[in-house]
2 protein chains.
Amino acid sequence: MDTIPILKLGDFLLISIQIDMHDRLALQLQDELTAMVVKTKARGVLIDISSVETVDSFMGRMLSNIASMTQLLGAETVVAGIRPAVAITIVELGLTLPNVRTALNVNSGMEMLRQLMEISDQGDDRERHQE
Amino acid sequence: MDTIPILKLGDFLLISIQIDMHDRLALQLQDELTAMVVKTKARGVLIDISSVETVDSFMGRMLSNIASMTQLLGAETVVAGIRPAVAITIVELGLTLPNVRTALNVNSGMEMLRQLMEISDQGDDRERHQE
């Protein structure tokens with residue numbers, strides 16, 4: 001069962017990472033997720049890592065890459081559920097997560113995505129008025 | 001990382017099963033889920049099994065038990081994402097899933113839970129009127 005399901009929830013996609021990431025799985029996730037964003041016209045991606053006990057530079061890079069890729073496809077990415085111990089490791093290792101927004105849990109991550117959508121919708125309206 | 005995260009999404013709890021179930025893990029999930037339903041006052045539980053490739057009588061019983069337990073705590077359970085091959089196995093093995101409602105995917109499962117909530121809210125209103 002070495003696949004990570006991508007769940008569609010309204011305008012958003014939800015991914016819950018529960019297994020250790022390795023190269024092949026990370027690439028597979030990137031492929032499937034980008035295809036799914038295009039197919040479902042998703043506007044936000046929420047990645048729950050509350051089951052993840054260790055984040056290393058590989059995992060950090062994967063999250064950043066996913067965020068950058070989905071941004072190119074017009075969807076925002078929020079990473080939710082970082083454990084306190086994981087937060088400490090990330091800072092102590094000097095890892096950075098460029099382009100990644102974070103939230104305490106899935107519930108607040110969903111709220112964050114909704115707010116980002118509203119802001120971008122307002123921006124679109126303004127641009128349309130200026131045209 | 002042998003835990004199954006229980007994600008809170010508004011009034012509902014979402015569980016995505018991605019690893020093979022064994023006795024200890026099933027018991028742990030039952031304990032954590034019932035505690036979480038009480039703690040968060042959740043009104044619905046959505047279990048995604050789209051990553052599950054085989055359902056045996058153990059898994060079937062676990063799903064039924066969870067549904068019965070959460071019902072006692074006032075929450076409905078919907079199982080979403082049964083693969084076609086899994087549906088065939090369930091019927092061919094003669095397994096029954098008492099108390100379990102099923103939906104095609106997480107999105108429609110969420111919709112089903114929302115409708116169940118509305119019906120139960122209307123029931124509550126009617127009871128209150130009759131008092």
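Cut-offs used in this document
- Residues numbered from 1 in each chain as written.
- Chains lettered and ligands numbered in written order.
- Predicted model: local features only at pLDDT ≥ 70, side-chain atom pairs only at ≥ 80, totals over all residues.
- Heavy atoms only, no water.
- 1 Å grid on protein atoms, 1.4 Å probe; cavity = no way out; pocket = protein on both sides within 12 Å on 5 of 7 lines; lining within 4 Å.
- Points joined across faces, edges and corners; volume = space filled by probe spheres on them.
- Nonpolar A, V, L, I, M, F, W, Y, C, P; charged D, E, K, R; others polar.
- Helix = DSSP H or I, 4+ residues; strand = E, 2+ residues; numbered from the N terminus.
- Contact = heavy atoms within 4.5 Å.
- Buried area = accessible area lost by both parts, 1.4 Å probe.
- Salt bridge = Lys/Arg side-chain N within 4 Å of Asp/Glu carboxyl O.
- Polar contact = N/O pair within 3.5 Å; in protein donor to acceptor, adjacent residues only side chain to side chain.

A. Summary view of empty space enclosed by the protein. Residues and elements named next belong to chain A. One pass over the full model with this rule turns up one cavity of 30 Å³ or more. Put simply, the largest cavity is a space of about 30 Å³. Around the largest cavity, the lining residues are Ile 4, Leu 25, Gln 28, Leu 29 and Glu 32. Broken down by class, the residue content of the lining of the largest cavity amounts to three nonpolar, one polar and one charged.

B. Up close: unusual backbone geometry. Phi angles above zero are rare outside glycine, and A:Lys41 is one such case at about 50°. Phi at B:Asn99 takes a positive value of approximately 70°, unusual for a residue other than glycine. Summarising the element assignment, B:Asn99 is placed in the loop between helix H3 (84–92) and strand S5 (101–103).

C. How the structure looks around the interface of chain B and chain A. Each side of the interface is counted separately: chain B has 21 residues, and chain A has 21 residues. Both faces considered, chain B and chain A share a buried interface measuring about 2000 Å² in area, 58% of it formed by carbon and sulfur atoms. The tally of links from chain B across to chain A stands at zero salt bridges. Taken together, the connections running from chain B to chain A amount to four residue pairs in polar contact (both at pLDDT 80 or more). Elements represented by at least two residues in the side of chain B that touches chain A include exactly strand S1 (6–9), strand S2 (12–16) and helix H4 (106–130) of chain B. For the side of chain B that touches chain A, the per-class residue count stands at ten nonpolar, seven polar and four charged.

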